[in-house]
2 protein chains.
Amino acid sequence: MTAPATVAVVQLAPRLLDLDANVELSVHAIETARERGADVIVLPELCLSGYMFETAAEVRSCAITAAHPVFARWAAALEGAPGLVVGGFAERSGADVHISAALVDASGVRAVYRKTHLWNREKRFFAPGTELPPVLDTPFGRVSVLICYDLEFPEMARSAALRGADLITVPTNWALDQRPYGDEPPQVMLARAAARTNHVYVACADRAGRERDQDFTGGSAIIDTAGWVLSLPRADQMAVAELSLSTARERQLSGVNHVFADRRPELYTDIEVRQAG
Amino acid sequence: MTAPATVAVVQLAPRLLDLDANVELSVHAIETARERGADVIVLPELCLSGYMFETAAEVRSCAITAAHPVFARWAAALEGAPGLVVGGFAERSGADVHISAALVDASGVRAVYRKTHLWNREKRFFAPGTELPPVLDTPFGRVSVLICYDLEFPEMARSAALRGADLITVPTNWALDQRPYGDEPPQVMLARAAARTNHVYVACADRAGRERDQDFTGGSAIIDTAGWVLSLPRADQMAVAELSLSTARERQLSGVNHVFADRRPELYTDIEVRQAG
């Protein structure tokens with residue numbers, strides 16, 4: 001058993017194209033979450049830049065590398081205790097820009113993941129990543145990350161869980177979608193299915209508010225390993241839950257059933273195959 | 001575009017171990033669904049035998065082959081118009097018994113699928129199937145089938161959809177599970193995620209009632225390609241919806257996004273790999 005972790009997701013509303021303001025916003029969010037006891041803190045996708053870019057020049061004006069001082073500030077905000085921040089940023093890499101997430105502890109940037117599935121106009125401005133997300137060992141358990149549209153591909157959560165993730169963090173910018181009934185956003189339903197089918201914790205940090213003509217869902221949620229929502233954001237736009245992350249590894253469902261051992265990988269050979277004609 | 005199909009799922013309560021009574025029950029259910037205009041009719045898992053077996057002898061007392069006259073009766077009930085019945089039975093095959101689903105049209109048994117993922121005590125009495133489910137061409141569209149616990153493995157719905165299914169039928173016996181909030185059974189949430197992530201229709205025919213000490217969920221549902229429930233059973237235990245099945249093939253989500261083309265199969269190589277150590 002790992003130590004229980006207090007997990008917080010913070011539903012920020014960054015200022016589009018205002019990197020300096022968003023750096024302050026992100027540091028303030030981390031400090032506020034720390035005051036509430038958070039060990040693992042998840043911030044939204046592209047939380048240092050905003051999302052509704054109209055030109056490549058706008059994107060590049062906010063694109064930074066993992067060496068940018070903001071990440072040292074995130075690390076400093078964690079000083080004195082174990083902790084992890086996962087937050088999204090536009091990552092400059094040569095001629096390319098990626099939609100990335102930094103995983104930062106008190107020692108600095110531990111890993112960067114570049115989103116591998118790009119939604120809509122993201123394809124105009126960003127290059128897709130070419131590697132699976134990391135699974136990071138922390139004092140609280142093993143933490144992975146998916147970004148937004150990645151979650152709509154069940155292969156991605158499956159992969160992270162098979163590679164040992166206890167918690168999948170999801171920095172996201174969920175554009176407001178149709179909801180013919182009920183309060184639950186469809187994206188949260190997919191996050192719950194990812195949690196339940198893999199017996200893994202999922203923590204989604206979504207955007208709130210509106211940017212240019214785009215409304216966001218405000219669908220942040222912390223989800224347990226059976227796929228139930230444990231915590232939604234309160235008035236302060238933060239959802240918090242205490243999780244014993246390593247309990248995700250207890251994947252025996254009955255005396256003879258196990259989430260992974262019951263898989264039939266010899267039958268799943270067409271998962272790697274593209275669409276049938 | 002294929003012709004619109006009226007899809008019906010019938011939430012039967014078979015009599016445990018009473019094959020003859022269940023044959024009549026199944027034929028009556030098909031006739032009743034036909035009277036309501038159904039083209040595709042889904043019946044529960046093991047609807048000719050019941051589920052809560054205690055001995056192998058009980059299982060064998062209800063196990064039949066695909067040559068059993070019940071399937072000719074199902075075919076006869078469809079006579080005069082195109083139609084398809086998908087229903088579950090205990091299938092005898094040499095020394096083995098499988099949890100199978102027959103896909104029957106007016107010409108007779110078109111295909112049989114043997115459940116590949118067995119739940120709990122099913123492992124005591126049944127042998128798992130070794131082949132993926134068929135995807136059957138019908139005048140209404142392409143129909144596949146998963147049985148109960150199969151649905152908890154996202155690889156299975158993905159495979160059926162990649163192989164061209166427009167509709168995944170799900171004969172099931174969902175044991176009543178914990179539901180900490182809300183009305184939606186967790187298994188229906190997984191069926192909705194399978195529908196949405198694959199842009200495929202899903203029609204689940206669950207059991208109602210109680211058998212020995214087991215309560216069932218009564219979670220039958222017809223689900224659209226965006227993962228929303230279109231129809232739940234009414235007082236007559238039947239849910240009905242008219243679906244243009246081939247619209248499932250319209251998988252372009254935006255000008256540049258496609259449910260399948262956006263996949264990154266070159267990254268999904270560990271789906272075939274067993275659990276990490």
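What counts, and where the lines are drawn
- Residues numbered from 1 in each chain as written.
- Chains lettered and ligands numbered in written order.
- Predicted model: local features only at pLDDT ≥ 70, side-chain atom pairs only at ≥ 80, totals over all residues.
- Heavy atoms only, no water.
- Helix = DSSP H or I, 4+ residues; strand = E, 2+ residues; numbered from the N terminus.
- Rg over C-alpha atoms; globule rule 2.2 N^0.38 Å.
- Contact = heavy atoms within 4.5 Å.
- Areas by Shrake-Rupley, 256 points an atom, 1.4 Å probe, with all protein chains shown as cover.
- Lys, Arg positive; Asp, Glu negative; His and termini not counted.
- Charge placed at Lys NZ, Arg CZ, Asp CG, Glu CD.
- Axes fitted to C-alpha atoms, helices over the stretch in contact; angles between N-to-C directions.
- Parallel < 35°, antiparallel > 145°, perpendicular 65-115°, else oblique.
- Left-handed = near helix turned anticlockwise from the far one by under 90°.
- Nonpolar A, V, L, I, M, F, W, Y, C, P; charged D, E, K, R; others polar.
- Buried < 20%, exposed > 50% of the residue type's maximum accessible area, 1.4 Å probe, protein only.
- Buried area = accessible area lost by both parts, 1.4 Å probe.
- Salt bridge = Lys/Arg side-chain N within 4 Å of Asp/Glu carboxyl O.
- Polar contact = N/O pair within 3.5 Å; in protein donor to acceptor, adjacent residues only side chain to side chain.
- pLDDT = per-residue confidence, 0-100.
- Pairing = 2+ DSSP bridges.
- Least-squares fit on C-alpha atoms with pLDDT ≥ 70 in both.
- 1 Å grid on protein atoms, 1.4 Å probe; cavity = no way out; pocket = protein on both sides within 12 Å on 5 of 7 lines; lining within 4 Å.
- Points joined across faces, edges and corners; volume = space filled by probe spheres on them.

**Regarding the overall build of chain A**
Regarding its fold elements, chain A presents six helices and 16 strands. What you see for chain A is a C-alpha radius of gyration of 18 Å, in line with the 19 Å of a compact globule of 277 residues. Along the first, second and third principal axes, the C-alpha atoms of chain A reach 55 × 55 × 40 Å. Within chain A, contacts between residues separated by at least 24 positions form 69% of all contacts whose residues are at least 6 apart in sequence. When the accessible surface of chain A is split by element, carbon and sulfur atoms take 50% of a total near 9800 Å². Between the centroid of the 27 positive side chains of chain A and the centroid of its 35 negative side chains there is a distance of 2 Å.

**Some details on the packing of helix 1 (residues 19–35) of chain A against helix 3 (residues 69–77) of chain A**
Residues and elements named next belong to chain A. Put simply, helix 1 and helix 3 touch, their axes get as near as 9 Å, and they point 15° apart. By the angle between their directions, the pair helix 1 and helix 3 is classed as roughly parallel. As for the relative orientation of helix 1 and helix 3, their crossing is right-handed in sense. Residue-level inspection shows Val23, Glu24, Ser26, Val27, Ile30, Glu31 and Arg34 of helix 1 in contact with helix 3, the latter providing Val70, Arg73, Trp74 and Ala77. The residue inventory of the contact of helix 1 with helix 3, partitioned by class, reads six nonpolar, one polar and four charged.

**Structural notes on the environment of Glu152 of chain B**
With respect to the element layout, Glu152 of chain B can be found in the loop between strand 7 (141–145) and helix 5 (154–162). Assessed through its relative accessible area of 23%, Glu152 of chain B is described here as partly exposed. Those residues in contact with Glu152 of chain B, other than ones at most four positions away along the chain, are Arg158 and Thr197 of chain A together with Leu190 of chain B.

**Notes on the interface of chain B and chain A**
Of the residues lining the interface, 60 residues belong to chain B; the matching set on chain A comes to 60 residues. Across the chain B to chain A interface the summed buried area is about 5700 Å²; carbon plus sulfur atoms make up 56%. Counting every contact that joins chain B to chain A gives eight salt bridges. Counting every contact that joins chain B to chain A gives 24 residue pairs in polar contact (both at pLDDT 80 or more). Those elements that provide at least two residues to the side of chain B that touches chain A are helix 5, helix 6 (186–198), strand 15 (252–254) and strand 16 (257–258) of chain B. Looking at the side of chain B that touches chain A element by element, the count peaks at seven residues for helix 6 of chain B. By residue class, the composition of the side of chain B that touches chain A is 28 nonpolar, 14 polar and 18 charged.

**Observations regarding the confidence of the model for chain A**
Residues and elements named next belong to chain A. When pLDDT is averaged along chain A, the result is 95, and 98% of the positions lie at 70 or above. Low pLDDT (under 50) marks residues 273–277, which in the prediction has 14 contacts with non-local residues, meaning those over four places away or in another chain. Overall fold confidence for the complex sits at a pTM of 0.97, while the interface term, ipTM, reaches 0.97.

**With respect to the sheet that holds strand 4 (residues 96–105) of chain A**
All names here are of chain A. Across the sheet, six strands lie side by side as 5-4-3-2-1-14; this open sheet has mixed pairing. Strand pairing shows two members of the sheet lacking a second neighbour, strand 5 (108–114) and strand 14 (238–243), which therefore form its edges. Strand-to-strand twist in this sheet, taken as the mean axis angle between neighbours without regard to direction, amounts to 30°. With six bridges connecting them, strand 1 (residues 5–10) and strand 14 associate as antiparallel partners. Bridge pairing in strand 14 links Val10 to Met238. Here helix 3 sits on the sheet and contacts strand 3 (84–93), strand 4 and strand 5; the angle it forms with strand 4, its principal contact strand, is near 20°.

**Digging into the relation of the copies chain B and chain A**
The two copies are related by a screw operation: chain B maps onto chain A through 180° of rotation and 0.0 Å of translation along the axis, at an RMSD of 0.0 Å. What the superposition gives is, in effect, a two-fold axis relating one chain to the other. An overlap of 100% is found between the interface residues of chain B and their copies at the interface of chain A, pointing to a shared contact surface.

**Digging into empty space enclosed by the protein**
Summed over all chains, the structure comprises four cavities of 30 Å³ or more. Its boundaries defined by the atoms lining it, the largest cavity holds a volume of some 180 Å³. Lining the largest cavity we find 16 residues, and of these Pro154 and Ala193 of chain A together with Pro154, Ala193 and Thr197 of chain B sit closest to its centre. Mapped by element, the contributors of at least two residues to the lining of the largest cavity are helix 5 (154–162) and helix 6 (186–198) of chain A together with helix 5 and helix 6 of chain B. Its residues assigned to classes, the lining of the largest cavity shows 12 nonpolar, four polar and no charged. Put simply, the second largest cavity is a space of about 50 Å³. Considering the residues around the second largest cavity, the lining is formed by Tyr51, Met52, Phe53, Arg121, Glu122, Phe125 and Phe126 of chain A. When its residues are assigned to classes, the lining of the second largest cavity shows five nonpolar, no polar and two charged.

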